[in-house]
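# Breakdown of the fold
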Amino acid sequence: MSDKNGQTIANFAALKTSIVNGEEQSVKELLINGPMLDLEKSYLIDLAKLNNNPKILKLLEDIPVK
């Protein structure tokens, strides 16, 4: 596994944790990396919906897809 792939996996895991914990600021900081895959975005949006957090949901919906 390359360093970039490791960072991507770690970033995604941190995003999931921040969403579940309702940490809006952490989510903002982690989303700075730019566009994400549609599948990743869809998963994170579903997670935000499950946690009923409209602010985080909006942040995720605004992320571009690559």
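Since the structure is predicted, the reported quantities are computational estimates derived from the model, not experimental observations.

## A short note on unusual backbone geometry
For Asn52, which is not glycine, the phi dihedral falls at a positive 50°. Assessed through its relative accessible area of 65%, Asn52 is described here as exposed.

## A closer look at helix H3 (residues 38-50)
Between the first and last C-alpha of H3 there are 18 Å, a value that for 13 residues agrees with the 18 Å anticipated at 1.5 Å per step. Inspection of H3 places Lys41, Leu44, Ile45, Leu47 and Ala48 among the buried residues, and these make up the whole buried set. In an axial view of H3, the angular spread of the buried residues amounts to 160°, which keeps them on one side of the axis. Opposite its buried face, H3 presents the exposed residues Asp38, Leu39 and Leu50, each directed more than 90 degrees away. The first or second residue beyond H3 is Asn52, which carries a positive phi of 50°.

Rules behind the numbers
- Residues numbered from 1 in each chain as written.
- Predicted model: local features only at pLDDT ≥ 70, side-chain atom pairs only at ≥ 80, totals over all residues.
- Heavy atoms only, no water.
- Buried < 20%, exposed > 50% of the residue type's maximum accessible area, 1.4 Å probe, protein only.
- Helix = DSSP H or I, 4+ residues; strand = E, 2+ residues; numbered from the N terminus.
- Expected span 1.5 Å × (residues − 1).
- Arc of directions from axis to C-beta.

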